[in-house]
Structures are given as C-alpha cells and as structure tokens.
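Structural characterization, general
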Amino acid sequence: MTAGLFDLNGKVAIVTGGNGGIGLGMARGLAAAGAAIAIVGRNEAKSADAVAVLVKAGPKALAVAADVTDEAAVDAMVMRVRGELGRIDILVNNAGINIRKPPESLDPKEWDSVISTNLTSAFLCSRAVHAAMKAAGGGKIINIGSMMSIFGASFAPAYAASKGGIVQFTRSCAVAWATDNIQVNAVLPGWIDTELTKRAREQIEGLHDKVLARTPAARWGVADDFAGIATFLASGASDFVTGTAIPVDGGYSIMG
C-alpha cells in the first residue's frame, strides 16, 4: 500500500531546466518511480545526455529544446510532449538563472532576464499544461523556489524577488486549480552543490565555510537530495498537500 502511494507508472512529467543540477536530480527520482520524462532546456547536447541517463531508470525520456520565457515556444513544447507521450501529469518548473549584483548595480535588462527566466517561465508553463492536466483528471505542479524566497540577499535582488514571487504564484495556482484536482507546491532548496552555486562560491568570499557553519546537517546538499521530495509531491502521497513551500536545506533556514 505504501509503495503504491509513490507509484508514477503511466504518468508523464515535464521538467524544465532538467538537464542538470536540481532538475536532473528530481527527474531521476520521478523516472525511478516510473514516470516518463520530458527534459526541457536550451542546451540540446546536455539534454540528450540527461535523457541517456534517465532511460536507464524509467520507461521513456524525451529531450525538448525550448525557450521557456517565450509563450509560443512553451505552447509548442507542451503540444509536442502531449503528442509524443500522450498526456501530461506532472510539471516541475525548475528553469532558473542568477545575476549577482547589488541593487544599485543591476541593469534593468538584467533584472528582466532573471524575472523572466525564473518567474514568468513558471507562469507560462503552468498555464500551458493546465488544460492537459484537467483533461487527465488532475495533476501536480512543483515550483522551485529558494531559501531566498524567505531571506533577503544583498547580492541577488532580482533572484530573491523572483523566488519570493514563486511562492506567491504557487499559492495562487493552488487555490485556483484545487477544484481541477491539481496540486501546486513549491520546494525551497538551500545551498546545493550545482553549477549555479559553484559560481557563487567563486564570486562570494568565504561562502563555502559560512554555509557549512550554519547548516545543521554540516554539508552542502546534492542534486539527488531532491529525488524523494519530487516523487512525494508528484505522487498520490501528496493528494491533500497544496500551496506549500517546503525547504530542502539540511536545516539552514531554521538555524538560530
């Protein structure tokens, strides 16, 4: 009975930015639980490599090249996934970038780029899958926020604003689509060892040691730490969980 709660056989998941880091960690978890996966990203070679990994664990994986900040590209991506995989049950909005500058040094075009990639893409993709999920009798949307959905950061004003917006967008969709049996939740990663945070450690002196000192688990997170939370939020185990924002941070956000 318990195993069946997490069974994703017959389900189809779209994971934006799923060709590396947290997105790939989530995709691996979903594939291992039986879901077919559509990896969406702009780097076609990297997406192809991710698909090669996923097909070893799951029934099917597909790479789709798309700019998730472009409305027409998102609509075409959703149509292709639905056409080739038959349905859409799960969406992970993981695509994201960061530009590390204090507010006074940030150009409006840089601000727009971060907001568009991190927040507007989640809106476009969520809106685009709604009809397919409703037709399937329900669905699961997992939005990727950040510890900066909670905390301010002098070096990442646009990123923090976008991730704060993700939490409020999650709540709005959760309320709007509850009667369609679509659960919408957010995951708030802490400091995770990815390409994005590798650059942060290069740019912010002492960051690595400061993170270790504040994290009760005494380590940086890794991509595979997100396989379980993705499976939970994508499966029947979370059918009465919606509108939440769940930190996955080794205790960083509760450390006094």
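Computed from a predicted model, the values in this text were never measured in an experiment. (Residues numbered from 1 in each chain as written. Predicted model: local features only at pLDDT ≥ 70, side-chain atom pairs only at ≥ 80, totals over all residues. Heavy atoms only, no water.)

The next point concerns the UniProt feature "domain: Ketoreductase" (unreviewed entry) in the chain. Here the UniProt-annotated "domain: Ketoreductase" (unreviewed entry) positions come out as residues 11-180. A distance of 17 Å separates the end C-alpha atoms of residues 11-180, which is 51% helix and 15% strand. (UniProt positions renumbered as here; feature names shortened; annotations may be inferred. Helix = DSSP H or I, 4+ residues; strand = E, 2+ residues; numbered from the N terminus.)

Turning our eyes to something else, we now look at the packing of aromatic side chains. Aromatic rings in a pair are described by how distant their centres are and how their planes are angled relative to each other. Inspection of the entire model under this criterion finds three aromatic pairs. Their ring planes at 85° and their centres at 6.4 Å tell us that F123 and F169 sit as a pair that is edge-to-face. In this pair, F123 sits in helix α5 (residues 108-135) while F169 sits in helix α6 (residues 157-176), placing the two residues 46 residues apart along the sequence. Note on F123: relative accessible area 36%, which makes it partly exposed. Note on F169: relative accessible area 16%, which makes it buried. Across the ring face of W220, the terminal group of R201 is positioned such that the distance to the ring centre comes to 4.2 Å. Between the NZ or CZ atom of R214 and the centre of the ring of F151, over which it lies, the distance is 5.1 Å. (Phe/Tyr/Trp six-rings, centres within 6.5 Å; stacked < 30°, edge-to-face > 60°. Buried < 20%, exposed > 50% of the residue type's maximum accessible area, 1.4 Å probe, protein only. Lys NZ or Arg CZ within 6 Å of the ring centre and 35° of its normal.)

What follows deals with the environment of A48. The residue A48 is located in helix α3 (residues 44-54) in this model. As a C-alpha pair, A48 and A61 span 13 residues in sequence and 9.5 Å in three-dimensional space.

It is a general feature of regular strands that their side chains alternate between the two faces of the sheet. Relative to strand β3 (residues 61-65), strand β2 (residues 36-41) is paired through five bridges, and the arrangement is parallel. Paired with V40 across the strands is V64, a residue of β3. A crossover connection joins β2 to the parallel β3 through α3; in handedness this β-α-β unit is right-handed. (Pairing = 2+ DSSP bridges. Right-handed = clockwise from strand over helix to strand, strands pointing away.)

A few words now on the packing of helix α2 (residues 21-32) against α3. Remark: α2 packs on α3, axes separated minimally by 10 Å, with the N-to-C direction vectors making an angle of 30°. As far as their axial angle goes, α3 and α2 are roughly parallel. At the point where α2 passes α3, the crossing takes the right-handed sense. Seen from α2, the contacting residues are L24, A27, R28 and A31; seen from α3, they are A50, V53 and L54. (Axes fitted to C-alpha atoms, helices over the stretch in contact; angles between N-to-C directions. Parallel < 35°, antiparallel > 145°, perpendicular 65-115°, else oblique. Left-handed = near helix turned anticlockwise from the far one by under 90°. Contact = heavy atoms within 4.5 Å.)

So, about the nonpolar core. Counting 32 residues, the largest nonpolar core has I14, M77, V81, I88, V129 and I141 as the members making the most contacts within it. Per-element tally for this core: the top contributor is α5, with seven residues. The next biggest cluster of nonpolar side chains, apart from the first, holds 29 residues, and it includes A50, I142, I192 and F226. (Core = buried A, V, L, I, M, F, W, Y, C linked by side-chain atoms within 4.5 Å.)

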